[in-house]
Amino acid sequence: FNRELQRSEKMEIISELAASVAHEVRNPLQVTRGFLQLLQGKSQNKDREYITLALKELDRASSIITDFLTFAKPEIDHVQLLELSDEFRHIEGILVPLANFQGSKMTSRIPKGLYIEGNSSKFKQAFINIVKNSIEALQEDGQIHIWAYMEQEEVVIHIRDNGEGMEPAEMARLGEPYFSNKTKGTGLGLMVTFRIIEVMRGELTFHSKKGVGTEVIVRFPAASGGETLSS
Ligand code: ADP
Ligand code: MG
């Protein structure tokens, strides 16, 4: 038991370190992308082809950081009291523009006063991965609806989309590293999401039908608001 604890502490330190590196690497990636684009406009034939390939690989690096590490903060985790409508206001601030940009609609109904225990940046990382997948699955007249409520001692969150949906065989592989059906996918998003939700003592389930859509349900033990937490 002792050894296992030490191992998980080490894992925690490694993941925090990786997150801080990711933060630092983001800016130079953006700057490099800018210069390459400038060159792309001025070059021809083979050169242009090489630059296009370089840009693609840069974008792949950025996707890995986004799916894997963006919101994990470079500091040792501490458990906070999270108010759901607060957390989702931030998440929607990032994702509603993305949904609108591709002509889709995203709505939510999350009452105030639902509390859980966890880490805010990790929570955001998990739900951004889920909602981003919904956005990426949408076709014409795409719609996403998010809602939450209390059920017995649990807080329940639903994310429903009318996107392309999944076959049972795809569903069985969700959360497996590198499993992706997208040309630009990393297949890391849900792996990270499952892990974060598990650490927060939550439970994640998928319901999906090919051609109809997907509904993700997440349950967490409810915390009572205003209660002070010992770190
Ligand atoms: P990525 O998004 O990089 O492909 P993820 O781990 O986030 O990796 O998702 C893995 C795969 O699960 C996706 O490629 C997609 O096929 C499937 N998937 C996840 N969420 C949905 C959804 N809401 N609708 C349809 N397919 C989904
Ligand atoms: Mg994804």
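What counts, and at which threshold
- Residues numbered from 1 in each chain as written.
- Chains lettered and ligands numbered in written order.
- Predicted model: local features only at pLDDT ≥ 70, side-chain atom pairs only at ≥ 80, totals over all residues.
- Near = placed C-beta within 6 Å.
- Helix = DSSP H or I, 4+ residues; strand = E, 2+ residues; numbered from the N terminus.
- Nonpolar A, V, L, I, M, F, W, Y, C, P; charged D, E, K, R; others polar.
- Core = buried A, V, L, I, M, F, W, Y, C linked by C-beta atoms within 7 Å.
- Buried ≥ 20, exposed ≤ 12 C-beta atoms within 10 Å, placed from the backbone.
- Pairing = 2+ DSSP bridges.
- Axes fitted to C-alpha atoms, helices over the stretch in contact; angles between N-to-C directions.
- Contact = placed C-beta atoms within 7 Å.

Peer 1: I would appreciate a short explanation of the site of ligand 1 in the present structure.
Peer 2: Close contacts around ligand 1 come from 22 residues, with Asn133, Ala137, Ser180, Gly185 and Gly189 the closest. Of all the elements in the fold, those that place two or more residues in the shell around ligand 1 are α4 (120-137) and α6 (189-199). Examining the composition of the shell around ligand 1, we find that four residues originate from one element, α4, more than from any other. Tallied by class, residues from the shell around ligand 1 come to five nonpolar, 12 polar and five charged.

Peer 1: Help me out: how do you make sense of the nonpolar core in this one?
Peer 2: Nonpolar side chains tend toward joint burial in soluble globular proteins. By size, the foremost hydrophobic cluster in this structure holds 29 residues, and its most contacted members are Phe127, Val131 and Ile159. Every element with two or more residues in this core is listed here: α3 (84-101), α4, β4 (143-151), β5 (154-161), α6 and β7 (213-221). For this core, the element with the highest residue contribution is α4, accounting for six residues.

Peer 1: Would you explain the sheet that holds β7 in this entry?
Peer 2: The sheet built from five strands is open, its strands ordered β2-β4-β5-β7-β6 with mixed pairing. Single-partner strands in this sheet number two, and they are β2 (105-109) and β6 (203-209). Going from strand to strand, the sheet's axes swing by 15 degrees on average, the running direction of each strand aside. The pairing of β5 with β7 spans eight bridges and is classified as antiparallel. The residue of β7 that forms the bridge with isoleucine 157 is valine 218. Lying over the sheet, α3 contacts β2, β4 and β5, oriented at roughly 170 degrees with respect to β2.

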